[in-house]
Amino acid sequence: MEEFINKKIKQIKKGDQNAFAEVVELYKDKIFQLCYRMLGNVHEAEDIAQEAFIRVYMNIHSFDMNKKFSTWIYRIATNLSIDRIRKKKPDYYLDAEVAGTEGLTMYSQVSSDIAMPEKEVEAIELQETIQKEILKLPDKYRSVIVLRYIEELSLQEIAEILELPVGTVKTRIHRGREALRKQLRHL
Amino acid sequence: MIGVSKMKCPKHVVEMIHKYLDGDLHEDEGRELKKHLQSCEDCKAHYQELEKAVAFVKSISHVEAPADFTQKVLEKLPKEKRTVSTRRWFRNHPFFSAAALFVILMTGSLFASYEESQFSVTKYDNLVVDNRTVIVPEGETVKGDITVKNGDIKIEGKVEGNVTVINGDQYLASAGQVTGEVEEINELFEWLWYEVKSTLSEVFKQ
Ligand SMILES: [Zn+2]
């Protein structure tokens, strides 16, 4: 895997966009999912995930091939998501919630199109609730929780992505878990 | 009641639960935790709520990017350097490449020219040359193409044209700007394609 990626990176460094497309294909779902769970909005997630890949392409010359590529792209996407969260004004949150009913979240988009059995509707509603609770977490807890439990990365990898000591990552995960425990215990 | 039972719980039980969830718990701590959870409803509930929260979060993974994601990213990139698509074309048409190479080798000029390691650069009045490094100074604009052979180029100002570096490196400062294409030709292999291209374009010109 690393060997394949390094080969592609060498080609991208020469400006080969076909090689770049292969790398995008490989990571697009993981990166989009990260952005979507961090931001809670399909359009914003798409926007930020695209931006992350464009930054990879534009900065490929500064990438150290002795390091893990996935760590680098996760770092870019996480930082861009956090920047976006911080730039959101409080009133934007209100807008987003109102707009959510018009199909801005992934599940209402799906559910508006097709008539679904009761059970599936319930499952989708549960997922929307969980997403909403994740979005209530402050960004420093939200990022570690998403990286750990949605992207399923190890504590060590998360520490490298966020450029933090493993101990700090653990503390943040503990606090994030405690917050989610209180928010989700009645479900 | 809850208040009373909380009093008797060692403070570090919750800490141990988190360590357990992170796979960091030592064997003896594990035994201690298990024993406590069997006898304490509050801590057991705390543990189960944490497990439930984690399971809920995990259950919402498996989101996929929109179908046209890659296409949209590619559309936003700057136009691909023509030289790369040329190189890719040659790579995908090995027979033609071999034939072209043969023609070039027959001309006999190739290796002679490759071995020349004389430093040279396209002449412009505002270029600074410092021991095989060509500098486009900050605030200066070079109007035209620059080719550097067997040396490096540092671009701090602006180049209105293409930059080609043969057997050297190019450094683009953050304030530097090149309106055309930047190409580095370092290895013998790339040098071959460079020769192929220039020979071919000469052939087609005639
Ligand atoms: Zn207890």
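Residues numbered from 1 in each chain as written. Chains lettered and ligands numbered in written order. Predicted model: local features only at pLDDT ≥ 70, side-chain atom pairs only at ≥ 80, totals over all residues. Heavy atoms only, no water.

1. Concerning a nonpolar patch on the surface
Residue and element names in this part refer to chain A. The grouping of Met1, Phe4 and Leu26 at the surface amounts to a nonpolar patch, some 290 Å² of accessible area in total. Mapping Leu26 onto the fold places it in helix α2 (residues 17-39). Judged by its relative accessible area of 37%, Leu26 falls in the partly exposed class. (Patch = residues over 30% accessible without salt bridge, like charges linked within 9 Å, V, L, I, M, F, W, Y side chains within 5 Å. Areas by Shrake-Rupley, 256 points an atom, 1.4 Å probe, with all protein chains shown as cover. Salt bridge = Lys/Arg side-chain N within 4 Å of Asp/Glu carboxyl O. Helix = DSSP H or I, 4+ residues; strand = E, 2+ residues; numbered from the N terminus. Buried < 20%, exposed > 50% of the residue type's maximum accessible area, 1.4 Å probe, protein only.)

2. Considerations on the sheet that holds strand β7 (residues 158-160) of chain B
Residues and elements named next belong to chain B. As summarised here, the arrangement of the 3 strands in space is β4-β7-β10, forming an open sheet in which the pairing is parallel. Each of the sheet's edge strands pairs with one partner strand only, and the pair in question is β4 (141-143) and β10 (177-178). For β7 and β10, the ladder comprises 2 bridges, and the chain directions are parallel. Its bridge partner lying in β10, Lys158 is registered against Gln177. (Pairing = 2+ DSSP bridges.)

3. Comments concerning the sheet that holds strand β3 (residues 133-136) of chain B
Residue and element names in this part refer to chain B. Here we have 4 strands laid out as an open sheet, ordered β2-β3-β6-β9, and mixed in their pairing. The open sheet has two free edges, formed respectively by β2 (128-130) and β9 (170-172), since each of these has just one partner strand. Within the sheet, the average angular offset between the axes of one strand and its neighbour, ignoring direction, is 20 degrees. Both β2 and β3 contribute to a ladder of 3 bridges, which runs antiparallel. The residue of β3 that forms the bridge with Val129 is Val134. (Axes fitted to C-alpha atoms, helices over the stretch in contact; angles between N-to-C directions.)

4. Overview of the pairing of strand β8 (residues 163-166) of chain B
All names here are of chain B. Because side chains alternate across β8, one face comprises the buried residues Val163 and Val165, and the other comprises Thr164 and Ile166, equally buried. Here strand β5 (residues 146-149) pairs with β8 via 4 bridges, running parallel. By the bridge assignment, Thr147 is partnered in β8 with Thr164. Sheet topology places β8 next to strand β11 (residues 182-185); 4 bridges connect them, and they run parallel. Note on β11: the bridge partner recorded for Val163 is Val182.

5. Here's the deal with the pairing of β3(B)
Residues and elements named next belong to chain B. On β3, burial covers both faces: Thr133 and Ile135 on one face and Val134 and Val136 on the other are all buried. Bridge count between β3 and strand β6 (residues 152-155): 4 bridges; the pairing is parallel. The residue bridging Ile135 from the neighbouring strand is Lys154, located in β6.

6. Focus on the coordination of the zinc ion
Protein coordination of the zinc ion is provided by B:Cys9 (SG), B:His36 (NE2), B:Cys40 (SG) and B:Cys43 (SG), with donor distances spanning 2.0 to 2.3 Å. Geometry at the zinc ion is tetrahedral, judged from the 4 donor atoms that bind it and their angles of 101 to 116 degrees at the metal. (Donors = N, O, S within 2.8 Å, 3.2 Å for Na, K, Ca; no water. Tetrahedral: all angles 85-135°; square planar, octahedral: opposite > 155°, others 65-115°.)

7. What about the packing of helix α2 (residues 12-21) of chain B against helix α3 (residues 27-39) of chain B?
Residues and elements named next belong to chain B. Where α2 contacts α3, the two axes come as close as 10 Å, and the packing angle between them is 120 degrees. Considering their axes alone, α2 and α3 lie oblique with respect to each other. Here α2 and α3 pass one another in a crossing that is left-handed. Contacts between α2 and α3 involve His12, Val13, Met16, Ile17, Lys19 and Tyr20 from the former and Glu29, Glu32, Leu33, His36 and Leu37 from the latter. Within the contact of α2 with α3, the residues separate by chemical class into 6 nonpolar, 2 polar and 3 charged. (Parallel < 35°, antiparallel > 145°, perpendicular 65-115°, else oblique. Left-handed = near helix turned anticlockwise from the far one by under 90°. Contact = heavy atoms within 4.5 Å. Nonpolar A, V, L, I, M, F, W, Y, C, P; charged D, E, K, R; others polar.)

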